[in-house]
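Next come the chains, spelled out residue by residue.
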Amino acid sequence: DYSNFGFQLLGLALERSTARALGDLANEFVFRPAGMTTASIPQKPGGLKDGLRDGRSAPAWDEQLGGAGGAIGSIRDLAAYALTMLHPPAALERAVVSAVEPRSYFAGGRTGLGWITSRGLTWHDGGSSAYSSLIALNRETGRAAGFLAATGDLDSEAENLVFQFLGAERDP
């Protein structure tokens, strides 16, 4: 099953076993090969603008372990990441295939390494008190969609729009 805490521990283990910051590892092995020019995992994310939650100002998270959340970037970075997931360069092909490969199953779908496959799409979403994001892939048609939002309380309508755009199967 997916676990934010599990990914945070993985991030910490990577930092300790390599003696490198998680952001440096992500830049070398994910962001640069994927063409994500502004993406980063700051060691101290400070300086992020507040977002919204329940219509009120909400501070960005700035005290957390890397690995689950903490990556920042632009919508162009998200598009580059989507293209990499759909058409991985040789250097990332094994990692992409491994990431989406099912590891566990649940009613209506399955979970890979952070990626959920359900309703005919492979996707991941996330959020904090101030920000939300979603990336979804229709690997059969080669299309992707997603969003970045400065609000931590998006309802399911945004997700439904993305899923509908990509031709997701209807919920049973």
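Residues numbered from 1 in each chain as written. Predicted model: local features only at pLDDT ≥ 70, side-chain atom pairs only at ≥ 80, totals over all residues. Heavy atoms only, no water.

A.B. asks: Whenever I open this one, the sheet that holds strand 4 (residues 109-111) confuses me. Can you help?
C.D. replies: Strands pair in a sheet through their backbones, by hydrogen bonds, and they do so in one of two ways: parallel or antiparallel. Taken together, the 6 strands give an open sheet; going across it, the order is 3-4-5-6-7-8, and neighbouring strands pair in antiparallel fashion. The open sheet has two edge strands with one neighbour each: strand 3 (104-106) and strand 8 (143-149). Strand-to-strand, the axes of this sheet are offset by a mean angle of 20 degrees, without reference to chain direction. For strand 5 (residues 116-118) and strand 6 (residues 121-127), the ladder comprises 3 bridges, and the chain directions are antiparallel. For isoleucine 116, the partnering residue across the bridge sits in strand 6 and is tryptophan 123. With respect to the sheet, helix 5 (residues 156-165) is in contact with strand 6, strand 7 (132-138) and strand 8, its orientation differing from that of strand 8 by roughly 165 degrees. (Pairing = 2+ DSSP bridges. Helix = DSSP H or I, 4+ residues; strand = E, 2+ residues; numbered from the N terminus. Axes fitted to C-alpha atoms, helices over the stretch in contact; angles between N-to-C directions. Contact = heavy atoms within 4.5 Å.)

A.B. asks: How do you make sense of the packing of aromatic side chains when you look at a structure like this?
C.D. replies: Aromatic ring pairs are defined here through the distance separating the ring centres and the angle between the ring planes. Across all of its chains, the model carries 2 aromatic pairs by this definition. Here the aromatic rings of tryptophan 123 and phenylalanine 163 are separated by 5.5 Å at their centres, their planes lie at 65 degrees, and the arrangement is edge-to-face. You can see tryptophan 123 sitting in strand 6 and its partner phenylalanine 163 sitting in helix 5, a full 40 residues away along the chain. Of the two residues examined, tryptophan 123 and phenylalanine 163, each falls in the buried class. Between the NZ or CZ atom of arginine 143 and the centre of the ring of phenylalanine 165, over which it lies, the distance is 4.7 Å. (Phe/Tyr/Trp six-rings, centres within 6.5 Å; stacked < 30°, edge-to-face > 60°. Buried < 20%, exposed > 50% of the residue type's maximum accessible area, 1.4 Å probe, protein only. Lys NZ or Arg CZ within 6 Å of the ring centre and 35° of its normal.)

A.B. asks: How should I be thinking about the pairing of strand 8 in this particular structure?
C.D. replies: Strand residues, when the strand is regular, have side chains that alternate between the two faces of the sheet. As paired strands, strand 7 and strand 8 are joined by 7 bridges and run antiparallel to one another. For serine 132, the partnering residue across the bridge sits in strand 8 and is alanine 149. Hairpin remark: strand 7 followed by strand 8, antiparallel, with 4 residues in the connecting loop; positive phi at glycine 142, about 75 degrees.

A.B. asks: Explanation requested: the environment of isoleucine 135 in the structure shown.
C.D. replies: Along the polypeptide, isoleucine 135 turns up in strand 7. Among the residues examined, isoleucine 135 registers a relative accessible area of 6% and is labelled buried. Considering only alpha carbons, one finds isoleucine 135 and tryptophan 115, 20 residues apart in sequence, at a separation of 9.8 Å. Dropping the residues within four chain positions of it, isoleucine 135 is found in contact with Leu78, Tyr81, Ala82, Trp115, Thr122, Trp123, His124, Ala145 and Gly146.

A.B. asks: How should I be thinking about the pattern of salt bridges in this particular structure?
C.D. replies: A pair can form between side chains of opposite charge whenever their charged atoms are brought close. Scanning the model with the defined rule gives 2 salt bridges in all. Measuring nitrogen to oxygen at the nearest pair gives 2.7 Å for the salt bridge that ties glutamate 28 to arginine 20. Note that glutamate 101 is salt-bridged to arginine 103, the shortest N-O span being 3.8 Å. (Salt bridge = Lys/Arg side-chain N within 4 Å of Asp/Glu carboxyl O.)

So, to be careful, I would describe these as geometric facts and stop short of saying anything about function.
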